[in-house]
Amino acid sequence: MFKGKKITAGIAGGIAAYKAAEVVSWLKQQGADISVAMTKNAAEFITPLSMKTLSGRPVAMDIMDTSSDWHVPHVDLADCDLLLLLPATANLLAKAAHGLGDDLLSATILASNAPVLCAPAMHTNMYNNPATQENIRILQQRGWSFIEPGWGRLACGALGQGRLADVEQIKERIRDSLQEGPLKGKRILLTAGPTHEYIDPVRFLGNRSSGKMGYAMAEAARAAGAEVLLISGPSSLPDPAGVRVHRVVSAQEMYDAVWKEYEDCDIVIMAAAVADYRPAHVEPNKIKKSGEQSLQLVRTRDILASLGEHKGSHFLVGFAAETNDLLAYAQDKLERKNLDMIIANDVSQAGAGFDGDTNILSVLYRQDGSLLRQDYPLQSKKEVSRQLMALIARQLENA
Ligand code: CTP
């Protein structure tokens, strides 16, 4: 997989720079053609000589380097199969998001058309700063893949998110980036977010779903090579890069949109929190207060159950958000709706469920007539989505 692959590792100035040494050494051992570009600050944390020894190639640091090793350093380094940024500092992300190229590494990023795999590492406050988060969002929209920083004790002693992801996780993501996506050629329909069921022109019945889990899965499906259609209920999240998005409001609109696309897709993942009930009548004018009011509700159509009745060769995945008896309810939904897989979460647990950036999941799926279970401990919705796509791809291969 690595033979003949040109990888440029860009190392920015953070304490995690020393961990890049292990990754560069591993890439060299795997047979990759690895070049290193370092910022001057990175060289304060790890020496260019170490990186030269590990990569087997001269290390570039200066955009004006006219030595014989490089023709035009940032252009030579930009021409690669993968641009790996390890670690990426807040400053590097800001420069990349805004098109600055005032040193060798940022100029290399500007000059490159290669896929970018970026592992940020910085202090929690810098990572959470709205400017950094906005820069990450901009870069994601341009197609960059991020390896999220981990939680734990940082170099300064504080606890929080910001430390470089585990080296083993970085290696796995590099392998994934160089491989053809496991879902290449598959068409995935995903739903996300809540639905709003209008009572009158200004009021609706909704729920706490933010859409974060469904949107993270749409991004992960895209990164795994699938063609993705996201049918989203009302959510404030921006469209994920490379994903076709169709926005709807009510359960009925979602039902219609899903059925319109059903025949053309291979996999359906219903992550949306679809309302089970809607008002029997929608008042055309705003209801004025007058004593007691009661609302008559009628059932919405169960989209997933209706798909399960016409399953054909589709791979159907549902969600079960519960507060008790998680696995029993999840298994009941798996069977009742004729699904291949159900992703269950106990929304009463800290770190799981609505609106947050993390989740804790248990997945039940059928394989060779048996019911199997895979647990995913507390982690970001983005990371667990990536693992779920790998599981779905394996199940499709086994089918
Ligand atoms: N779902 C659907 N159409 C609906 C309601 C739910 O497709 N009208 C899907 C959801 O997207 C999710 C799964 O079904 O994948 C959730 O199952 P459901 O039985 O509706 O969950 P709850 O409403 O939480 O179940 P219950 O009230 O029976 O506990």
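All figures in this text were calculated on a predicted structure; none of them were measured in a lab.

Draft legend 1. Broad picture of the sheet that holds strand β13 (residues 267-270). In spatial order, the strands read β12-β11-β8-β13-β16-β17-β18-β19; together these 8 strands make up an open sheet with mixed pairing. Each edge of the sheet is formed by a strand with only one pairing partner; in this case those strands are β12 (244-247) and β19 (370-380). Strand-to-strand, the axes of this sheet are offset by a mean angle of 15°, without reference to chain direction. Judged from the 6 bridges that link them, strand β16 (residues 315-322) and strand β17 (residues 341-346) form a sheet pairing that is parallel. Each bridged residue has a counterpart across the sheet, and for Ala321 the counterpart in β17 is Asn345. Sitting on the sheet, helix α10 (residues 212-223) is in contact with β8 (187-192), β11 (227-232), β12, β13, β16, β17 and β18 (358-367), with an inclination near 165° to β8.

Draft legend 2. Geometry of the side chain of Thr8. Considering the arrangement of structural elements, one finds Thr8 in strand β1 (residues 6-11). At 2.7 Å, the side chain of Thr8 forms a polar contact with the backbone oxygen of Leu77. Setting aside residues no more than four positions away along its own chain, Thr8 makes contact with Ser35, Leu77, Cys80, Leu82, Leu83 and Leu84.

Draft legend 3. Just the site of the ligand, in detail. Close to the ligand lie 14 residues; Met270, Ala272, Asp276, Leu304 and Phe319 are nearest. Here an oxygen atom of the ligand and a backbone polar atom of Met270 are 2.7 Å apart. Relative to its free-state accessible area of 580 Å², the ligand is covered by the protein chains to the extent of 76%. When contributions to the shell around the ligand are tallied by element, the ones reaching two or more residues are α12 (303-309) and β16. A per-class count over the shell around the ligand returns 7 nonpolar, 2 polar and 5 charged.

Draft legend 4. Quick look at unusual backbone geometry. In the segment running from Leu86 into Pro87, the intervening peptide bond is cis, with an omega of -5°. Its place among the elements puts Pro87 in strand β3 (residues 82-88). Phi is positive for Asp355, which is not a glycine, with a value near 70°. If you trace the backbone, Asp355 turns up in the loop between β17 and β18.

Draft legend 5. Layout of the packing of helix α5 (residues 90-98) against helix α8 (residues 130-141). With their axes 9 Å apart at the nearest point, α5 and α8 run at an angle of 50° to one another. Overall, the two elements α5 and α8 adopt an arrangement that is oblique. The chirality of how α5 crosses α8 is left-handed. Contact residues: α5 offers Ala90, Leu93, Ala94, Ala96, Ala97 and His98, while α8 offers Thr132, Asn135, Ile136, Ile138 and Leu139. Considering only residue class, the contact of α5 with α8 consists of 8 nonpolar, 3 polar and no charged.

Each value, and the rule that gives it
Residues numbered from 1 in each chain as written. Predicted model: local features only at pLDDT ≥ 70, side-chain atom pairs only at ≥ 80, totals over all residues. Heavy atoms only, no water. Pairing = 2+ DSSP bridges. Helix = DSSP H or I, 4+ residues; strand = E, 2+ residues; numbered from the N terminus. Axes fitted to C-alpha atoms, helices over the stretch in contact; angles between N-to-C directions. Contact = heavy atoms within 4.5 Å. Polar contact = N/O pair within 3.5 Å; in protein donor to acceptor, adjacent residues only side chain to side chain. Near = heavy atom within 4 Å. Areas by Shrake-Rupley, 256 points an atom, 1.4 Å probe, with all protein chains shown as cover. Nonpolar A, V, L, I, M, F, W, Y, C, P; charged D, E, K, R; others polar. Parallel < 35°, antiparallel > 145°, perpendicular 65-115°, else oblique. Left-handed = near helix turned anticlockwise from the far one by under 90°.

Everything listed here is a matter of coordinates, which is why it stays silent on function.
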